[in-house]
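A look at the structure
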Amino acid sequence: MDDQEIINGLNAGSASRQTFEKELYLKYVYFIKEGIHHYHLSHDDSFSAYSDALLTVVHNVVDKSFAQRSSLKTYFYKIFSNKCIDQVRKNTTAKGKVNNSVADPETLVQLPDNVRSVIENLVENQRVQALRQQIETIGEKCKQILLLFQDGYTDREIAELTGYNNSSVAKVTRLRCLEKIREKMKGFISTE
């Protein structure tokens, strides 16, 4: 399919739109490997960037924000590239914040073993409790997906159990739910 067919299909309406969204997804899915190699992202991070870019492109096409001054591929890749850069920044920032966590290893080393283990257990219990509280606030669908994933279900199985069209949709939803949790837990993980 060429660009114009996909653009027309996306604008056609909800009945056929899903077909053209899938066509657009499949046409440029190789971008995910680009994200892994060019930006040194994990497969999940590159997939997440690709999914976010796809949603943005579809929204912009339907919303008429895409002015067609470039090819759909170029437009999609530019958005994908920006999403990858955002992911790299987020990963870099998140790693820095984890190193500044509440339980400072240098301080803990100076404590007797029994006191250190008590403090480490308290901190871990607080994190687990905060995580449980945040899971309760993200909505039933997200909670269901995350609990199924924790229980060892694959994305394909989760899609079947929750009524999603396919494993890709389930995976994107799961990654977004995880991102919601990460955002909510940011303040708890670091002392900043």
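Please refer to the structure higher up on the page.
In this report, we go over the structure that sits alongside the text. (Residues numbered from 1 in each chain as written. Predicted model: local features only at pLDDT ≥ 70, side-chain atom pairs only at ≥ 80, totals over all residues. Heavy atoms only, no water.)

Three or more residues of helix H3 (residues 31-39) are buried, namely Phe31, Ile32, Gly35 and Tyr39. Along the axis of H3, the buried residues cluster in a sector spanning 115 degrees; they form a single face. Exposed and facing more than 90 degrees away from the buried side of H3 are Lys33 and His37. Just downstream of H3 lies His40, where phi reads positive at about 55 degrees. (Buried < 20%, exposed > 50% of the residue type's maximum accessible area, 1.4 Å probe, protein only. Helix = DSSP H or I, 4+ residues; strand = E, 2+ residues; numbered from the N terminus. Arc of directions from axis to C-beta.)

Take unusual backbone geometry next. Positive phi, normally seen in glycine, also occurs at His40, with a value near 55 degrees. Structurally, His40 can be placed in the loop between H3 and helix H4 (43-62). For His40, a relative accessible area of 70% puts it in the exposed group. Not every positive phi belongs to a glycine, and Gln68 is a case in point at roughly 60 degrees.

This brings us to the packing of H3 against H4. One way to put it is that H3 packs onto H4 with a least axis distance of 8 Å and a crossing angle of 130 degrees. Taken together, the axes of H3 and H4 lie oblique to each other. For H3 against H4, the interelement crossing comes out right-handed. Taking contact as the criterion, the partners of Phe31, Ile32, Gly35 and Ile36 in H3 are, on H4, His43, Ser46, Phe47 and Tyr50. Of the residues contributing to the contact of H3 with H4, the split by class is five nonpolar, three polar and no charged. (Axes fitted to C-alpha atoms, helices over the stretch in contact; angles between N-to-C directions. Parallel < 35°, antiparallel > 145°, perpendicular 65-115°, else oblique. Left-handed = near helix turned anticlockwise from the far one by under 90°. Contact = heavy atoms within 4.5 Å. Nonpolar A, V, L, I, M, F, W, Y, C, P; charged D, E, K, R; others polar.)

Turning our attention to the state of the cysteines. The tally for this structure, following the rule as stated, stands at one disulfide. There is a disulfide in this structure between Cys142 and Cys177, and the S-S distance comes to 2.0 Å. Residues Cys142 and Cys177 share a disulfide whose torsion about the S-S bond is about -75 degrees; that sign makes it left-handed. Residue Cys142 is found in helix H8 (residues 140-150), and its partner Cys177 is found in helix H10 (residues 167-189); the two are separated by 35 residues along the sequence. (Disulfide = S-S within 2.5 Å.)

This paragraph deals with the packing of aromatic side chains. Scanning the entire structure with this criterion turns up 13 aromatic pairs. Across from the ring centre of Tyr164, 5.2 Å away, lies the NZ or CZ of Lys141, which sits over that ring. (Phe/Tyr/Trp six-rings, centres within 6.5 Å; stacked < 30°, edge-to-face > 60°. Lys NZ or Arg CZ within 6 Å of the ring centre and 35° of its normal.)

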